Every structure is written in structure tokens, then in C-alpha cells.
Amino acid sequence: MNLFDVYSLFNVVPVKGRGCKVWDDKGQEYLDLYGGHAVISIGHSHPKYISAITEQLGNIGFYSNSVINPMQARLADKIGKLSGYNDYSLFLCNSGAEANENALKLASFHTGRNKVVAFHKSFHGRTSGAVAVTDNPKIVSPFNATHNVEFATLNDIQSVESIVSKGDVAAVIIEGIQGCGGIHIPTPEFFKQLADLCHKYGTMLICDEIQSGYGRSGKFFAHQHAGVRPDIISMAKGIANGFPCGGILISPEFKPTVGMLGTTFGGNYLAMAAAIAVADIFEEEHLVENSAKIGKYLLDNMPKSPKIKEIRGLGLMIGIEFNEPIKEIRSKLLFDKHIFTGVAGTNTIRLLPPLCLSKAEADTFLAAFSELLK
Ligand SMILES: *Cc1c(COP(=O)(O)O)cnc(C)c1O
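Residues numbered from 1 in each chain as written. Predicted model: local features only at pLDDT ≥ 70, side-chain atom pairs only at ≥ 80, totals over all residues. Heavy atoms only, no water.

**Brief notes about the packing of helix α10 (residues 327-335) against helix α11 (residues 359-373)**
At step 1: Where α10 contacts α11, the axes come no closer than 11 Å and their chain directions differ by 135°. Compared by their axis directions, α10 and α11 come out oblique. The two elements α10 and α11 cross, and the hand of that crossing is right-handed. Here I329, K332 and L333 of α10 lie close against α11, whose contacting residues are F365, F369, L372 and L373.
At step 2: Looking at the contact of α10 with α11 residue by residue, the class counts come to six nonpolar, no polar and one charged. (Axes fitted to C-alpha atoms, helices over the stretch in contact; angles between N-to-C directions. Helix = DSSP H or I, 4+ residues; strand = E, 2+ residues; numbered from the N terminus. Parallel < 35°, antiparallel > 145°, perpendicular 65-115°, else oblique. Left-handed = near helix turned anticlockwise from the far one by under 90°. Contact = heavy atoms within 4.5 Å. Nonpolar A, V, L, I, M, F, W, Y, C, P; charged D, E, K, R; others polar.)

Here it is as C-alpha cells:
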């Protein structure tokens with residue numbers, strides 16, 4: 001049987017990882033500045049992470065959400081402490097798209113409204129509601145497009161107000177930093193105006209921190225650079241370092257009723273063991289602080305080149321936009337310099353390394369990158 005061919009694959013077979021390094025089946029070492037798409041937060045194969053999951057599997061691997069799983073409450077406490085959102089509550093699921101589905105559903109339940117505003121260049125996932133608020137015609141099917149969604153422009157508050165002021169919008173959904181759209185950062189001023197606007201019209205503000213959250217931007221959540229407090233915050237990617245896990249933080253204004261949300265696998269024992277180990281390692285190794293520090297170091301020391309149009313980023317979420325397609329330079333980074341990087345659109349290289357990236361590893365990239373630009 002063939003695999004359904006939806007990915008454009010690099011000819012690399014990773015078989016081992018440690019920290020920010022990966023090795024392929026031929027023994028070649030790579031520096032990982034992609035983190036498996038912003039998923040590897042604490043680094044590959046951390047010994048504490050491995051023992052937390054394997055120990056849990058030796059005790060009990062799975063039971064359903066019909067019984068008490070104390071690890072869910074432990075994770076909620078830890079995320080409350082790491083994020084500062086102690087007064088919010090946590091709903092657990094398995095992925096980013098699911099987190100956004102639940103966020104949209106909850107906002108609609110709460111407001112009794114069915115309209116949503118999203119932003120141009122957004123990406124929120126590939127399930128039905130999540131893809132409907134995504135601005136990418138390639139991945140939105142005619143069925144998804146029947147959802148009641150209007151698109152506004154990032155950093156243009158008028159474009160949001162003209163829709164939200166009609167008073168029938170359940171939610172505005174915004175990425176903490178737009179990732180797949182090319183690393184576009186909402187200004188703190190725009191974020192504040194957006195929060196005020198939503199508050200004024202009874203519209204829920206959903207912040208998608210699936211990629212930009214969990215320390216990636218140099219604060220726990222990217223929207224915390226603006227000092228706003230969204231009504232719902234969605235998380236996934238870095239939360240369990242590759243073990244499937246997602247969740248939403250929900251403000252105290254929402255009242256749960258039995259059955260309004262639910263999941264079979266969400267909050268399962270192995271995902272909780274993984275996510276708790278990740279949260280512990282975040283604290284012990286000061287990964288949010290490291291993300292801020294090394295991210296700034298990278299931005300401050302990027303090589304200059306006429307080929308580069310603009311470099312944007314916060315913490316270890318960095319986009320390098322070129323004046324030309326980047327297919328060739330990205331291939332050279334991978335196959336000549338053995339460095340994994342990501343991409344956004346056709347012209348932007350995206351750096352999303354594990355948050356434990358060292359200064360020496362950052363220097364390795366900077367040297368290789370400036371050589372390729374010559
Ligand atoms: C990856 C991503 C998603 C979707 O997450 P999945 O786990 O792939 O469903 C949603 N929003 C953003 C901003 C993402 O980067």
C-alpha cells in the first residue's frame with residue numbers, strides 16, 4: 001500500500017536525537033533549528049522525559065476520562081505557575097487543531113453567537129472549524145468555507161472593529177505570533193486595542209499560542225509581551241515535546257456543564273507524564289529565559305545581505321524573509337551545513353529550535369548562514 005502523498009519530503013531519515021542535535025541513518029549529525037516544527041521544546045530525548053513516560057507505562061498506560069486522573073490537576077497547577085494564569089482552568093485534548101475547535105465551540109456556547117473573525121495569513125489547524133479560520137485557499141475545502149468566518153487584517157484595528165461592532169461576533173481568533181503566515185508579530189498596541197474592542201462588544205478573544213506559546217517567544221505566551229489577557233488560550237506543540245497533547249486555558253467567566261466538551265484520549269496518563277516532565281524541565285533549566293536570551297543573540301548577530309528583505313522574531317521564533325525563493329538556500333543549509341530549518345510561504349526561512357539552544361549552537365548556525373550568503 002502507498003502512503004497518501006501529501007508531504008514534500010526531504011531525503012533524510014532521522015534515527016536519533018539528543019538536545020538540539022539529530023543523527024540520520026547514515027550517522028550524519030545535524031543541528032536542529034526546526035524542532036520538528038516547534039514541537040521539541042526541552043530538546044530531543046531528555047533523560048528525565050524518557051524515564052517519566054516509561055515509568056508511567058509500567059504503572060498504567062491508559063484509562064478513560066470517567067475516573068479521576070490526578071496527573072491532570074498536577075499539570076494544570078504547573079501550567080498555572082509557569083504562565084501566571086492560575087485563575088484560569090484547563091481543558092486537555094490531543095492536538096492544536098482540537099484545541100482551537102474546543103476554543104471556538106466554547107466561545108459560541110458562551111455567547112450564543114455563531115460568527116468568528118480571523119486574520120489574513122492565519123493558520124489554526126486542519127480540522128473543520130480550525131481550517132475555516134485559516135487563510136490559505138489550498139487547504140480550505142468548500143465544506144469548511146460554509147462556516148461563518150470573516151477575515152480582518154493584522155495590526156489594523158479598524159478592519160476588526162468594522163466587523164465586531166455589529167455585535168454578533170462570538171470570537172476573534174488570533175495567533176500570538178503568526179507562524180505559517182511568515183512570522184508576523186501583532187504590535188502590543190494592536191493587541192491592547194483588540195482586547196478592549198472584544199470586551200466592549202461581548203466577543204471572546206481566543207489567542208492561538210500553539211506555535212508561539214510555551215516559552216517560544218521568550219515569554220511563556222507571546223501575547224504576554226503586550227500585557228493582555230485573552231478569554232481562551234490554545235496550546236499544543238511544545239507542551240509535551242512530541243507526545244501528542246493539546247489544551248486550552250479558559251478564563252473564570254466560562255462555566256462548564258457536563259458534556260459540553262469531551263475527549264477519549266485527551267489528558268491521558270502518558271501525555272500527562274510527558275507534559276509534567278516538560279513543565280518540570282522548563283523550570284529547572286529556565287528554558288523561557290534561555291529562549292529570550294539566545295533568540296535576542298541570534299537576532300542581534302544575523303548576517304547582513306542584500307538577498308535578505310527583513311528579519312522578524314521574538315525569542316526563538318524567527319523569520320528570515322528573502323527577496324527571492326529560499327528553496328536553494330534551505331537545501332544548502334540542510335545538505336551542505338547539516339542544519340534543519342523551517343519555511344513559511346516561499347520566501348521566509350523559519351527558525352524554531354528547541355528552547356535549550358546554546359550560544360555555541362547559535363554561533364554554528366550564524367557562521368554557516370553567513371558563509372552561504374556570500
Ligand atoms: C501547528 C499549529 C496548529 C495546529 O496544530 P496541530 O497539532 O497540527 O493540529 C494550529 N495553530 C497554530 C498556530 C499552529 O502552529
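**Focus: the site of the ligand**
At step 1: Lining the immediate surroundings of the ligand are S95, G96, A97, N100, F123, H124, G125, E175, D208, I210, Q211 and K237.
At step 2: Side-chain polar atom of D208 to a nitrogen atom of the ligand: 2.7 Å apart, as the coordinates give it.
At step 3: Q211 places a polar side-chain atom, nitrogen or oxygen, 2.8 Å from an oxygen atom of the ligand.
At step 4: In isolation the ligand offers 380 Å² of accessible surface; the protein chains occlude 80% of this area.
At step 5: Of the residues forming the shell around the ligand, the biggest block, three residues, is contributed by helix α4 (residues 96-111).
At step 6: Class assignment of the residues belonging to the shell around the ligand gives a composition of three nonpolar, six polar and three charged. (Near = heavy atom within 4 Å. Polar contact = N/O pair within 3.5 Å; in protein donor to acceptor, adjacent residues only side chain to side chain. Areas by Shrake-Rupley, 256 points an atom, 1.4 Å probe, with all protein chains shown as cover.)

**A few points about the confidence of the model for the protein chain**
At step 1: Averaged over every residue, the pLDDT of the protein chain is 97; the share at 70 or more is 100%.
At step 2: The secondary structure element of the protein chain with the lowest average pLDDT is strand β14 (residues 342-344), at 94, and the one with the highest is strand β8 (residues 204-208), at 99. (pLDDT = per-residue confidence, 0-100.)

**A few points about the environment of A73**
At step 1: Structurally, the position occupied by A73 is in helix α3 (residues 70-83).
At step 2: With relative accessibility at 47%, the residue A73 sits in the partly exposed group.
At step 3: The sequence separation of A73 and S89 amounts to 16 residues, and the corresponding C-alpha distance is 9.8 Å. (Buried < 20%, exposed > 50% of the residue type's maximum accessible area, 1.4 Å probe, protein only.)

**With respect to the pattern of salt bridges**
As a working rule, side chains carrying opposite charge can pair if their charged atoms are close by.
At step 1: Counted by the stated rule, this structure contains 15 salt bridges.
At step 2: Between D168 and K115 there is a salt bridge, and its shortest N-O distance comes to 3.5 Å. You can see D168 sitting in the loop between α6 (157-164) and β7 (169-175) and its partner K115 sitting in strand β5 (residues 115-119), a full 53 residues away along the chain.
At step 3: Across the pair R312 and E321 runs a salt bridge whose closest N-O atoms are separated by 2.8 Å. (Salt bridge = Lys/Arg side-chain N within 4 Å of Asp/Glu carboxyl O.)

**Focus: the pairing of β7**
At step 1: Within β7, seven of the seven residues are buried, which leaves it mostly tucked inside the rest of the structure.
At step 2: Here β5 pairs with β7 via three bridges, running parallel. Note that in β7 the partner of K115 across the bridge is V169.
At step 3: Two strands pair when backbone bridges link them, and β7 and β8 are joined in this way by five bridges, in the parallel orientation. Its bridge partner being in β8, E175 is matched across the sheet by D208. (Pairing = 2+ DSSP bridges.)

**Describing the sheet that holds strand β15 (residues 348-351)**
At step 1: Spatially, β11-β12-β15-β14 is the arrangement adopted by the four strands of the open sheet, whose pairing is antiparallel. Unpaired on one side and paired on the other, β11 (308-314) and β14 mark the two borders of the sheet. Looking at each pair of strands side by side, their axes are set apart by 25° on average, direction ignored.
At step 2: Two strands pair when backbone bridges link them, and strand β12 (residues 317-322) and β15 are joined in this way by four bridges, in the antiparallel orientation. Its bridge partner lying in β15, I318 is registered against L351.
At step 3: Those strands touched by α11 are β11, β12 and β15, and its axis lies near 5° from that of β12.

**With respect to the sheet that holds strand β9 (residues 232-235)**
At step 1: Sheet architecture is open: seven strands sit in the order β4-β10-β9-β8-β7-β5-β6, paired in mixed fashion. A single partner strand is all that each edge strand has here, and the edge strands are β4 (89-93) and β6 (149-152). The mean angle between the axes of side-by-side strands here comes to 20°, regardless of whether they run parallel or antiparallel.
At step 2: Contacting β4, β5, β7, β8, β9 and β10 (246-250), α4 crosses the sheet at an angle of about 175° to β8.

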